Amino acid sequence: MKTIFLVDMQSFYASVEKARYPHLHHKPLVVSGDPKRRSGVILAACPLAKKNGIKNGERLWEAQQKCLDLVVVPPRMQDYITTSVEITAILEKYTDLVEPFSIDEQFMDVTGSQKLFGTPFDIALNIQKDIWESTKVRARVGIGENKILAKMACDNFSKKNKSGIFWLKKDELSHTLWPLPVEKMFGVGGKMATHLRNMGVRTIGQLADVPLKRLQDQWGINGQVLWMTAHGEDYSPVTTTSHDGQKAIGHGMTLPRDYISLAEIRVVLLELCEEVCTRARKSGVMGQTVTISVSGASYEIQTGFHRQTTLYGPTNYVMDVFQAVEKLFLQFWDQNPIRRLGVSLTKLCSDHELQLNLFDTDRDKKLDLGYVMDGIREKYGTTSLIRASSLTKAGQAFERSKKIGGHYK
């Protein structure tokens, strides 16, 4: 039988910050974006902050009202990435089968490691010890015979017990997992929970009792996945190649203020297309389907749209993508102020495979130009070559160059 771990870092960003500032160890601390740039959302809250009712994802001003002595620190994404890589190296001392699930969660297959390192509990305890001594971050470990059991063990039990370790066994689900509310099951979001409750399904156990065919008739393959998850079934292995074969490349940003004029919005759309095409070229791919995501300025009334179009052929040339994005935007924009924009490329293929086109004789030159510009930026910096429009008040290229993943380095 397989033995799989899901190793999760407690309040990861906040824990890294407390390791940086030991004098804040006993203070309620949150990591939050800059409220002056409308990114003042709680990215991580330490356990002390959570005891005051603060939750990840809520607005900073709301959190500050709940806790008057709250310590707020800005995110430092490069530090979190570095620490995550360091933790991966620690886990790889126990097994070569380590699969990052997110920046603060990693799967491990320790089936073949037990003869060297002891029982699963022994290995979990040693992993916690090694991570703490190296990073001062507390790890929680969910154990199961597959990835889905390990994940639900960690989310529902390890995070809530003193040891931070829990083994969710398939033959014990009836008195461990099944009594929990259905929304506690991995893969069940708010909308799905509402649908299930309308069917009379309140607990994970009740979901497990629903006939498979009924779920398949209702949601197709997703219904089968729900049934399998409720029964603790998962056939996907822990693999080091899970992130190979990228399916989409995209980039989005929350604007520093409401953008009202088309001229300003076009500047940001062009910058986003530049970013997406640069990433595509670095990955050695082109895309044929272009998608735009737009969010309106109002938080109370949700407005915006998400639309896509398929190009005649795959590309990673900026102006090809921008022309498609601009056309979609003009077609669906309701003229209201914009708070957030996003652009992505899908239906990816290798940039070494190019369909001949008798009607676009300059295509090779256009594509080569992008790679030449990438080489200059790699040598002299991302802002060594920018478009003139990015020098206007609407431009965000210089500000984005200071960030990783939307947050300052």
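None of the values given here were measured: they were computed from a predicted structure.

Reading the values: the criteria
Residues numbered from 1 in each chain as written. Predicted model: local features only at pLDDT ≥ 70, side-chain atom pairs only at ≥ 80, totals over all residues. Heavy atoms only, no water. Helix = DSSP H or I, 4+ residues; strand = E, 2+ residues; numbered from the N terminus. Buried < 20%, exposed > 50% of the residue type's maximum accessible area, 1.4 Å probe, protein only. Contact = heavy atoms within 4.5 Å. Areas by Shrake-Rupley, 256 points an atom, 1.4 Å probe, with all protein chains shown as cover. Polar contact = N/O pair within 3.5 Å; in protein donor to acceptor, adjacent residues only side chain to side chain. Core = buried A, V, L, I, M, F, W, Y, C linked by side-chain atoms within 4.5 Å. Axes fitted to C-alpha atoms, helices over the stretch in contact; angles between N-to-C directions. Parallel < 35°, antiparallel > 145°, perpendicular 65-115°, else oblique. Left-handed = near helix turned anticlockwise from the far one by under 90°. Nonpolar A, V, L, I, M, F, W, Y, C, P; charged D, E, K, R; others polar. Expected span 1.5 Å × (residues − 1). Arc of directions from axis to C-beta. Phe/Tyr/Trp six-rings, centres within 6.5 Å; stacked < 30°, edge-to-face > 60°. Lys NZ or Arg CZ within 6 Å of the ring centre and 35° of its normal. Pairing = 2+ DSSP bridges. Right-handed = clockwise from strand over helix to strand, strands pointing away.

K.L.:
Which parts of the structure should I look at to understand the overall build of the protein?
P.N.:
Helices and strands together make up the secondary structure of the protein, namely 15 helices and 14 strands. Counting every position in the protein, which comprises 409 residues, the buried fraction comes to 46%. Relative to all contacts within the protein whose residues are 6 or more apart in sequence, the contacts with residues 24 or more apart total 64%. Roughly 21400 Å² of accessible area belongs to the protein as shown, and the carbon and sulfur atoms make up 55% of that amount.

K.L.:
Explain helix 7 (residues 147-156) to me, please; I cannot follow it from the model alone.
P.N.:
For the α-helix, the turn length of 3.6 residues means that residues three or four positions removed from each other point alike. Buried residues dominate helix 7, accounting for 9 of its 10 residues. Inspection of helix 7 places Lys 147, Ile 148, Leu 149, Ala 150, Lys 151, Met 152, Ala 153, Cys 154 and Asn 156 among the buried residues, and these make up the whole buried set. Those residues of helix 7 that are buried are in contact with strand 1 (4-9), strand 5 (98-102), strand 6 (105-109), strand 7 (139-144), strand 8 (165-167) and helix 11 (221-230). Sitting at the head of helix 7, Asn 146 places a side-chain oxygen 3.3 Å from the backbone nitrogen of Ile 148.

K.L.:
Can you help me understand the nonpolar core in this one?
P.N.:
Generally speaking, soluble globular proteins have nonpolar side chains that are buried together. Ranked by internal contacts, the top residues of the largest apolar core, which has 41 residues, are Phe 5, Val 7, Ile 54, Met 108, Ile 127 and Ile 131. For this core, the element with the most residues is helix 4 (residues 77-91), which contributes 5 residues. Judged by nonpolar contacts, the second largest core, of 33 residues, contains Met 253, Val 290, Val 318 and Ile 338.

K.L.:
Could you clarify how one ought to interpret unusual backbone geometry in this entry?
P.N.:
In most cases, non-glycine residues show a negative phi, while peptide bonds are predominantly trans. At Lys 136, a position not held by glycine, the phi torsion is positive, near 60 degrees. Mapped onto the elements of the fold, Lys 136 is located in the loop between helix 6 (120-135) and strand 7. Taking relative accessible area as the criterion, Lys 136 reaches 41% and is therefore assigned partly exposed. At Gln 335, a residue that is not glycine, the phi angle is positive and equals roughly 75 degrees.

K.L.:
Sorry if this is basic, but what is going on with the packing of helix 12 (residues 262-282) against helix 13 (residues 318-332) here?
P.N.:
Helix-helix packing: each pair is described by the crossing angle between the helix axes and the interaxial distance. Put simply, helix 12 and helix 13 touch, their axes get as near as 9 Å, and they point 140 degrees apart. Judged on the interaxial angle alone, helix 13 and helix 12 are oblique. Note on packing geometry: the crossing formed by helix 12 with helix 13 is right-handed. Across from Leu 262, Ile 265, Arg 266, Leu 269, Leu 270, Cys 273, Glu 274, Cys 277 and Arg 281 in helix 12, the residues of helix 13 making contact are Val 318, Met 319, Val 321, Phe 322, Val 325, Glu 326, Phe 329 and Leu 330. Within the contact of helix 12 with helix 13, the residues separate by chemical class into 13 nonpolar, no polar and 4 charged.

K.L.:
Looking at this structure, I do not really get helix 4. What am I missing?
P.N.:
Between its first and last C-alpha atoms helix 4 spans 21 Å; for 15 residues at 1.5 Å apiece the expected length is 21 Å, and the two agree. Here helix 4 has its buried residues at Met 77, Tyr 80, Thr 83, Ser 84, Ile 87, Thr 88, Ile 90 and Leu 91. Projection of helix 4 onto a plane perpendicular to its axis shows the buried side chains occupying an angular sector of 155 degrees, all on one side.

K.L.:
Where do I start with the packing of helix 10 (residues 212-219) against helix 11 in this structure?
P.N.:
Taken N-terminus to C-terminus, the directions of helix 10 and helix 11 make an angle of 140 degrees; their axes are 6 Å apart at the nearest point. The two elements helix 10 and helix 11 meet at a crossing, and its hand is right-handed. Of helix 11, the residues touching helix 10 (which contributes Leu 212, Leu 215, Gln 216 and Trp 219) are Ile 221, Asn 222, Gly 223, Gln 224, Leu 226 and Trp 227. Across the contact of helix 10 with helix 11, the residue classes tally to 6 nonpolar, 4 polar and no charged.

K.L.:
Honestly, the packing of aromatic side chains in this entry has me stumped. Any pointers?
P.N.:
We describe a pair of aromatic rings using the distance from one ring centre to the other and the angle between the two ring planes. Within this structure, the stated rule accounts for 11 aromatic pairs. Ring centres 5.9 Å apart and planes at 55 degrees place the aromatic pair Phe 121 and Trp 167 in the tilted group. Of this pair, Phe 121 sits in helix 6 while Trp 167 is found in strand 8, placing the two residues 46 residues apart along the sequence. For Trp 167, a relative accessible area of 26% corresponds to the partly exposed category. Cluster of aromatic residues (ring-pair linked, three or more members): Phe 305, Phe 329, Phe 332 and Trp 333. The ring centre of Phe 332 lies 4.6 Å from the NZ or CZ of Arg 307, which sits over that ring.

K.L.:
Looking at this structure, how should I read the pairing of strand 10 (residues 285-296)?
P.N.:
Burial of strand 10 is extensive: 10 of the 12 residues sit out of reach of the surface. Bridge count between strand 10 and strand 12 (residues 338-350): 11 bridges; the pairing is antiparallel. When the bridges of strand 12 are listed, Thr 289 appears paired with Thr 346. As defined by bridge partners, strand 10 adjoins strand 11 (residues 304-315) across 8 bridges and the pair is classed as antiparallel. By the bridge assignment for strand 11, Gly 287 is matched with Thr 315.

K.L.:
Sorry if this is basic, but what is going on with the pairing of strand 7 here?
P.N.:
Consecutive residues of a regular strand have side chains that alternate between opposite faces of the sheet. Of all 6 residues in strand 7, 6 are buried, a share of seventy percent or more. Residue alternation in strand 7 divides its side chains into two sets, Ala 139, Val 141 and Ile 143 and Arg 140, Gly 142 and Gly 144, and both sets are buried. As paired strands, strand 7 and strand 8 are joined by 3 bridges and run parallel to one another. Within strand 8, the residue paired with Val 141 across the bridge is Ile 165. Handedness of the crossover joining strand 7 and strand 8 through helix 7 is recorded here as left-handed.

K.L.:
Just checking my understanding: could you explain the sheet that holds strand 5 for this structure?
P.N.:
Backbone hydrogen bonds are what pair the strands of a sheet, in a parallel or an antiparallel way. On the basis of which strands lie adjacent, the open sheet formed by 5 strands has the order 5-6-1-7-8 and mixed pairing. In this open sheet, the two strands that pair with only one neighbour each are strand 5 and strand 8. Shown here is a sheet whose adjacent strand axes are inclined to one another by a mean of 20 degrees, direction ignored. Helix-sheet contacts for helix 4 involve strand 1, strand 5 and strand 6, and the interaxial angle to strand 6 is about 15 degrees.

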